[in-house]
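Topology and contacts: notes
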Amino acid sequence: MQQLFEFFSNHPFLGSAWLAFALLLLISIIKTMTSGSKSLTPLTATQMINKEGAQVVDLRSVADFNKGHIHGAINIPFTKLKDSTKDLEKNKQGPIIMVCATGMQSGSAAILLRKHGFQQVHKLKGGIQSWTGDNLPLAKG
């Protein structure tokens, strides 16, 4: 503990940067935990799609979506999601799985949908990269 105080007194800028980073990390963790969204592995997402009829929403661009997407997914680019929540109204009570390229945008998208009253919004952990990394099939076009 003594060394920590010595570090902060000798390096106030680095110490402040470290504290800011730790605080942002803590806020991010708390925000994720309270969002009510689950991070699904490709296996659990597949089970939810097959057993519960989950709707997959692909947040990538139209061009990326057309290169390959999860079978049955609908494409709503992340930038247009706020204006397209009406397109998902029929799935408001059922499970929805948000998918992006790497899993970074799907959390924000899930929070947005939950604010609009969607009950079961989840995100694919690792995005489409984790899906293809597990050698799961993609539909083209």
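This report concerns the structure included in the present document.

So, how was this worked out
- Residues numbered from 1 in each chain as written.
- Predicted model: local features only at pLDDT ≥ 70, side-chain atom pairs only at ≥ 80, totals over all residues.
- Heavy atoms only, no water.
- Patch = residues over 30% accessible without salt bridge, like charges linked within 9 Å, V, L, I, M, F, W, Y side chains within 5 Å.
- Areas by Shrake-Rupley, 256 points an atom, 1.4 Å probe, with all protein chains shown as cover.
- Salt bridge = Lys/Arg side-chain N within 4 Å of Asp/Glu carboxyl O.
- Helix = DSSP H or I, 4+ residues; strand = E, 2+ residues; numbered from the N terminus.
- Pairing = 2+ DSSP bridges.
- Contact = heavy atoms within 4.5 Å.
- Axes fitted to C-alpha atoms, helices over the stretch in contact; angles between N-to-C directions.
- Buried < 20%, exposed > 50% of the residue type's maximum accessible area, 1.4 Å probe, protein only.
- Right-handed = clockwise from strand over helix to strand, strands pointing away.
- Phe/Tyr/Trp six-rings, centres within 6.5 Å; stacked < 30°, edge-to-face > 60°.

On the surface, a cluster of nonpolar side chains totalling about 490 Å² of accessible area is made up of L23, L24, L26, I27 and I30. Along the chain, I27 turns up in helix 2 (residues 12-34).

Spatially, the 5 strands line up as an open sheet ordered 1-5-4-2-3, and their pairing is parallel. Edge positions in the sheet fall to strand 1 (39-40) and strand 3 (74-75), since each of these pairs with one other strand and no more. Bridge analysis of strand 2 (residues 55-58) against strand 4 (residues 95-99) gives 4 bridges, and the strand direction is parallel. Opposite V56, over in strand 4, you have I97 as the bridge partner. Along the sheet, helix 3 (residues 42-52) contacts strand 1, strand 2, strand 4 and strand 5 (120-124); its crossing angle with strand 4, the most-contacted strand, is approximately 140°. Seen against the sheet, helix 5 (residues 106-115) touches strand 4 and strand 5 and runs at an angle of roughly 175° to strand 5.

The topology assignment puts P42 in helix 3. Relative accessible area serves as the criterion here: at 7%, P42 is assigned to the buried category. Placed 84 residues apart in sequence, P42 and G126 show a C-alpha to C-alpha distance of 8.8 Å. For P42, the residues in contact, after removing those within four places along its chain, are L124, S130, W131, D134 and L136.

This part is about the pairing of strand 2. By the alternation rule, side chains of strand 2 split into Q55 and V57 and V56 and D58, which are all buried. By the bridge criterion, 2 bridges tie strand 2 to strand 3 in an arrangement that is parallel. Residue pairing in the sheet places D58 in a bridge with N75 of strand 3. For the segment spanning strand 2, helix 4 (residues 62-67) and strand 3, crossover handedness is right-handed.

Turning our eyes to something else, we now look at the pattern of salt bridges. Considering all chains together, one arrives at 3 salt bridges under this definition. The closest approach of N and O atoms between K92 and E89, which form a salt bridge, is 3.6 Å.

A full pass over the atoms with the stated rule returns 2 aromatic pairs. An angle of 80° between the planes, with centres 5.9 Å apart, marks the rings of F7 and F8 as edge-to-face. The exposure class of F7 is partly exposed, given its relative accessible area of 35%. The exposure class of F8 is partly exposed, given its relative accessible area of 22%. Relative to W18, the ring of F8 has its centre 6.2 Å away and its plane inclined at 70°; by these criteria the two rings are edge-to-face. You can see F8 sitting in helix 1 (residues 2-10) and its partner W18 sitting in helix 2, a full 10 residues away along the chain. Classification of W18 as partly exposed rests on a relative accessible area of 49%. The rings of F7, F8 and W18 are connected pair by pair, giving a single aromatic cluster.

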